[in-house]
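Summary of structural features
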Amino acid sequence: MNPFLRALLRQHPAADPAPAPDTSLCQPQAAAAAGDSMESKEPAACTPAQLASLAKALVIRHVDSGSCNGCELEIGALNGPHYRLEALGVRFAASPRHADALLVTGPVSSNMDVALRRAWAAVPTPKRLIAVGDCACNGGIFGENYACRGGVSGVLPVDVAIPGCPPTPERLLAGILAAVAPATADNNSAVSNAQTEEKP
């Protein structure tokens, strides 16, 4: 065998293990589900079974609603071999109709308001909305003005908000996993309950 290949096979994998989901990034859920209404700002509730389905393979559509592209650079880093995003069952789609979640960066500019609402309406239910960066979370340095609607939560229901200017890829990955983290906890408890019930 080639000595170079032998040396490569002896090395440890270059990727780090995935971070634990950071559920502190999840936004408080409303008591009533909002459904698909674009006017409602309450997060749409997902059942544990729906979240379990999303946790297996999450497809994300990224929408830049007016950012400086700092967050996009960090999102691009997630697709590299170091973070192994697709190995975790997470990938990006080119159309919101093929997505399970919308990942929004930047403050919602007036020109992107309608386009963002249309993209959200095109995502089939169950769906999640993840706001990335200070600008998407609360408007950042832009705030609300004649050209900007502020943070995404002023326009659409946000499930997970990942602050930072820009957030690190590790923080992004923890937030993305937090979007489906309740499913993991529910599934683990359901499996453990089923195993204890099966024992005589």
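Residue numbering note: each chain is counted from 1, following its sequence as written. Only residues with pLDDT of at least 70 get local features here, since the model is predicted, and only at 80 or more are side-chain atom pairs given and counted; chain-wide, interface and lining totals rely on the full set of residues. Each side-chain value is worked out from all heavy atoms of the structure, with water and hydrogens disregarded.

Section: the pairing of strand β3 (residues 101-105)
Accessibility here uses a 1.4 Å probe with only protein chains present; expressed as a share of the type maximum, an area under 20% marks a residue as buried, one over 50% as exposed, and anything in between as partly exposed. A run of DSSP states H or I qualifies as a helix once it reaches four residues; a run of E qualifies as a strand once it reaches two. Both are numbered from the N-terminal end. Of all the five residues making up β3, five are buried; the element is thus mostly covered by neighbouring parts of the structure. Burial along β3 is two-sided: A101, L103 and T105 facing one way and L102 and V104 facing the other are all buried. Should DSSP find at least two bridges between two strands, the strands are regarded as paired. The sheet contact formed by strand β1 (residues 58-64) and β3 spans five bridges and is parallel. Note on β3: the bridge partner recorded for I60 is A101. With five bridges connecting them, β3 and strand β4 (residues 128-132) associate as parallel partners. Looking at the pairing, V104 lines up with A131 of β4. If you view a crossover with the strands going away from you and the path from the first strand over the helix to the second runs clockwise, you call it right-handed. Each parallel crossover has a hand, and the one from β3 via helix α4 (residues 113-122) to β4 is right-handed.

A word on the environment of P21
Tracing the backbone shows P21 in the loop between α1 (3-10) and α2 (48-56). Overall, the relative accessible area of 39% leaves P21 in the partly exposed class. Residues P21 and L172 lie 151 residues apart in sequence; the distance between their C-alpha atoms is 9.9 Å. With residues up to four places along the chain from it excluded, the contact list for P21 reads A174, L177, A178 and A181. Whether two residues are in contact is decided by their heavy atoms, any of which lying within 4.5 Å being enough.

Examining the pattern of salt bridges
A side chain of one charge can pair with a side chain of the opposite charge if their charged atoms are brought near each other. Whenever a carboxyl oxygen of Asp or Glu lies within 4 Å of a side-chain nitrogen of Lys or Arg, that contact is scored as a salt bridge. This structure, assessed with the given rule, holds three salt bridges. When the shortest N-O distance is used, the salt bridge between R117 and D113 registers 3.0 Å. Residue R117 and its partner D113 are located together in helix α4, separated by four residues, close to a single helical turn. One exposure class covers both R117 and D113, and it is buried.

Observations regarding the environment of A174
Inspection of the secondary structure puts A174 in helix α6 (residues 169-178). Through-space distance from the C-alpha of A174 to that of A20 is 6.0 Å; in sequence the pair is 154 residues apart.

So, the packing of aromatic side chains
Between 30 and 60 degrees the pair is tilted, below 30 it is stacked and above 60 it is edge-to-face, where a pair is any two Phe, Tyr or Trp rings, Trp via its six-membered ring, whose centres lie within 6.5 Å. The final tally for this structure, using the stated rule, is zero aromatic pairs. Two conditions define a charge located above a ring, namely a distance within 6 Å from the ring centre to NZ of Lys or CZ of Arg, and an angle within 35 degrees of the ring normal. The positively charged end of K127 is found above the aromatic ring belonging to W120, 4.4 Å away from the centroid.

Thoughts on the environment of L102
Topologically, L102 is positioned in strand β3. In this structure the C-alpha to C-alpha distance between L102 and F92, which are ten residues apart in sequence, comes to 9.8 Å.

A look at the confidence of the model for the chain
The pLDDT value expresses, per residue, how confident the predictor is, ranging between 0 and 100. Averaged over all residues, the pLDDT of the chain equals 76, while 68% of them reach at least 70. Within the chain, helix α7 (residues 181-198) has the poorest average pLDDT of any element, 42, and α4 the best, 94. Below a pLDDT of 50 lies the segment residues 30-43, which in the model reaches 27 contacts outside its immediate sequence neighbourhood of four places, other chains included.

Some words on the sheet that holds strand β2 (residues 90-92)
Strand order in the open sheet made by the five strands is β2-β1-β3-β4-β5, with parallel pairing throughout. The open sheet has two free edges, formed respectively by β2 and β5 (160-162), since each of these has just one partner strand. Between one strand axis and the next, the sheet turns through 25° on average, direction left out of account. The axes used here are C-alpha line fits, helices contributing only the stretch in contact, and every angle between their N-to-C directions lies in the interval 0 to 180 degrees. Here helix α3 (residues 70-78) sits on the sheet in contact with β1, β2, β3 and β4, set at roughly 135° to β3. Contacts from α4 reach β1, β3 and β4, with the element oriented near 160° to β3.

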